[in-house]
Amino acid sequence: MYYVKVLGKLRGPFSPARALALLEEGRWDWTVPMSEDKISWQPANEYPELVPQSADRVLSADERLCPECGGVVKAKAILCKHCRRGISAA
Ligand SMILES: [Zn+2]
């Protein structure tokens, strides 16, 4: 789940899908501070799992896309960190 800071106010938690929908609606700027733990904050556009996947998204050699949610996970991951579903090794 994600928290956002809008005009100094803490909002959330939002599911990744909800957060993405709000970003795409233009409710928030892509530079809005966002956090999963309310401790470390970074702009929304630095969360790979939120940035819309595009064909030119370059994955590192040790990354792949979760077949369930499309989030970027480690190539060797057996559990997706985004949707928590089990994913078989590539
Ligand atoms: Zn997933």
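Structural notes, computed from the coordinates. (Residues numbered from 1 in each chain as written. Predicted model: local features only at pLDDT ≥ 70, side-chain atom pairs only at ≥ 80, totals over all residues.)

1. With respect to unusual backbone geometry
At the junction of G12 and P13, the peptide bond is cis and its omega measures out at 5 degrees in the coordinates. On the secondary structure map, P13 appears in strand β2 (residues 9-14). Positive phi is not limited to glycine here, since L7 has a value of about 50 degrees. Looking at the element boundaries, L7 is found in the loop between β1 (2-6) and β2. The backbone phi angle of R84 is positive, close to 65 degrees, even though this residue is not glycine. Topologically, R84 is positioned in the segment after β6 (72-74). Look at R84 and you get exposed, because 9 C-beta atoms sit within 10 Å. (Helix = DSSP H or I, 4+ residues; strand = E, 2+ residues; numbered from the N terminus. Buried ≥ 20, exposed ≤ 12 C-beta atoms within 10 Å, placed from the backbone.)

2. Focus on the pairing of β2
Here β1 pairs with β2 via 4 bridges, running antiparallel. Counted as the bridge partner of V6 is K9 from β2. Hairpin connection, β1 to β2: the antiparallel pair is bridged by 2 residues, and L7 has positive phi, about 50 degrees. (Pairing = 2+ DSSP bridges.)

3. Remarks on the nonpolar core
Side chains of a nonpolar character, in soluble globular proteins, are inclined to be buried together. Counting residues in each nonpolar core, the largest one holds 7 residues, listed as Y2, V4, A19, L23, M34, A44 and Y47. Setting aside chain neighbours within four positions, we find A19 in contact with Y2, F14 and L50. (Core = buried A, V, L, I, M, F, W, Y, C linked by C-beta atoms within 7 Å. Contact = placed C-beta atoms within 7 Å.)

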